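Below are the chains, spelled out letter by letter.
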Amino acid sequence: MSTLIGARPRAADPDWAGVLAQVPLFSDLPKRHLRGIAKLAKFRRLPAYTRIVREGDRADSFYLMLEGTAVVRPPGKRPVKIGVGEFFGELALLDNSPRSATVEAQTEVQVASIGRSDFLRMLEHEPKVALILLRTMAARLRLSEVSTKH
Ligand code: CMP
């Protein structure tokens, strides 16, 4: 899957809630909740090779990948590909620390970003989103331990 169906809604009538409904993080959320989340998000198209977040920087947003691919470069570990429907940028918001890795677009990408306080409030109000986020982080931690360079 390289594009979410509807990831290019018509400018006059964008159905961003419909696009977000296809992101696994938001599966099972009622349409009303998705509309609320869509209002919090900024939707942007970025050219290939854009550094979306930079290791060590202060963090202010969480990102969902709606189109294209990006690569995460965790220091001392193998690069990890982030594809359509996946997210990044949660760690620094959760532990209030600098970005743990650089994330760079590999192709032109479309991302949805959600600011720090809206992201944290969303997790407080949407336990299903918080659970999927935790599951994904657990899976990434396991993979990252396997991929640690010796
Ligand atoms: P954050 O630290 O805010 O910014 C960089 C992001 O890259 C981080 O959040 C995670 O979303 C992501 N990231 C960092 N390390 C890994 C990893 N080992 N596997 C997958 N994603 C990662």
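This text goes with the structure placed above it.
J.: Please provide a residue-by-residue account of the site of the ligand, values included.
T.: Near the ligand there are 15 residues, and of these Gly-89, Glu-90, Ala-92, Arg-99 and Ser-100 occur at the shortest range. Backbone polar atom of Ala-92 to an oxygen atom of the ligand: 3.0 Å apart, as the coordinates give it. Side-chain polar atom of Ser-100 to an oxygen atom of the ligand: 2.7 Å apart, as the coordinates give it. Contact with the protein chains covers 93% of the free accessible surface of the ligand, which is 450 Å². Taken together, the residues of the shell around the ligand sort by class into nine nonpolar, three polar and three charged.

J.: I'd like a description of the sheet that holds strand 2 (residues 51-53), backed by residues and values.
T.: Taken together, the four strands give an open sheet; going across it, the order is 2-7-4-5, and neighbouring strands pair in antiparallel fashion. Both outer strands of the open sheet, strand 2 and strand 5 (80-82), are each paired with one neighbouring strand and no more. Each strand axis lies, on average, 30 degrees off the axis of its neighbour in the sheet, ignoring direction. As judged from the two bridges shared by strand 2 and strand 7 (residues 102-105), these two strands associate in the antiparallel manner. In the sheet register, Val-53 faces strand 7, and the bridge partner there is Val-103.

J.: Which residues make up a positive patch on the surface, and what values go with them?
T.: A cluster of basic residues, Lys-31, Arg-32, Arg-35 and Lys-39, forms a positive patch at the surface. With respect to the helices and strands, Lys-31 occurs in helix 2 (residues 31-40).

J.: Explain the pairing of strand 8 (residues 109-115) residue by residue, including any values.
T.: Of all seven residues in strand 8, six are buried, a share of seventy percent or more. As judged from the five bridges shared by strand 1 (residues 42-46) and strand 8, these two strands associate in the antiparallel manner. Residue Arg-44 lies in a different strand from strand 8, and its bridge partner there is Val-111. Alignment of strand 3 (residues 61-67) against strand 8, held across six bridges, turns out to be antiparallel. Across the sheet, Ser-61 pairs through a bridge with Gly-115, a residue of strand 8.

J.: Which residues make up the packing of aromatic side chains, and what values go with them?
T.: In the structure shown here, the tally under the stated rule is four aromatic pairs. A centroid spacing of 4.5 Å and a plane angle of 20 degrees characterise the contact between Phe-62 and Phe-119, whose relative ring orientation is stacked. You can see Phe-62 sitting in strand 3 and its partner Phe-119 sitting in helix 4 (residues 116-125), a full 57 residues away along the chain. An identical accessibility class is assigned to Phe-62 and Phe-119; each is buried. With centroids separated by 5.1 Å and ring planes inclined at 10 degrees, the aromatic side chains of Tyr-63 and Phe-88 adopt a geometry described as stacked.

J.: Got a sec to walk through the nonpolar core? Specific residues and values, please.
T.: Most often, soluble globular proteins have nonpolar side chains that are buried together. Among the nonpolar cores identified, the biggest contains 28 residues, and Leu-20, Leu-25, Phe-26, Phe-62, Leu-64, Phe-119 and Met-122 are the most heavily contacted of them. Breaking this core down by element, the ones donating at least two residues are helix 1 (16-20), helix 2, strand 3, helix 3 (91-94), strand 8, helix 4 and helix 5 (127-147). The element contributing the most residues to this core is helix 1, with four residues. Excluding residues within four positions of it along the chain, Met-122 makes contact with Phe-26, Ile-37, Ile-114 and Val-129. Formed by 14 residues, the second largest nonpolar core is a distinct cluster that contains Ile-52, Val-53, Ala-70 and Val-103.

Scoring rules and cut-offs
- Residues numbered from 1 in each chain as written.
- Predicted model: local features only at pLDDT ≥ 70, side-chain atom pairs only at ≥ 80, totals over all residues.
- Heavy atoms only, no water.
- Near = heavy atom within 4 Å.
- Polar contact = N/O pair within 3.5 Å; in protein donor to acceptor, adjacent residues only side chain to side chain.
- Areas by Shrake-Rupley, 256 points an atom, 1.4 Å probe, with all protein chains shown as cover.
- Nonpolar A, V, L, I, M, F, W, Y, C, P; charged D, E, K, R; others polar.
- Pairing = 2+ DSSP bridges.
- Helix = DSSP H or I, 4+ residues; strand = E, 2+ residues; numbered from the N terminus.
- Axes fitted to C-alpha atoms, helices over the stretch in contact; angles between N-to-C directions.
- Patch = residues over 30% accessible without salt bridge, like charges linked within 9 Å, V, L, I, M, F, W, Y side chains within 5 Å.
- Salt bridge = Lys/Arg side-chain N within 4 Å of Asp/Glu carboxyl O.
- Lys, Arg positive; Asp, Glu negative; His and termini not counted.
- Charge placed at Lys NZ, Arg CZ, Asp CG, Glu CD.
- Buried < 20%, exposed > 50% of the residue type's maximum accessible area, 1.4 Å probe, protein only.
- Phe/Tyr/Trp six-rings, centres within 6.5 Å; stacked < 30°, edge-to-face > 60°.
- Core = buried A, V, L, I, M, F, W, Y, C linked by side-chain atoms within 4.5 Å.
- Contact = heavy atoms within 4.5 Å.

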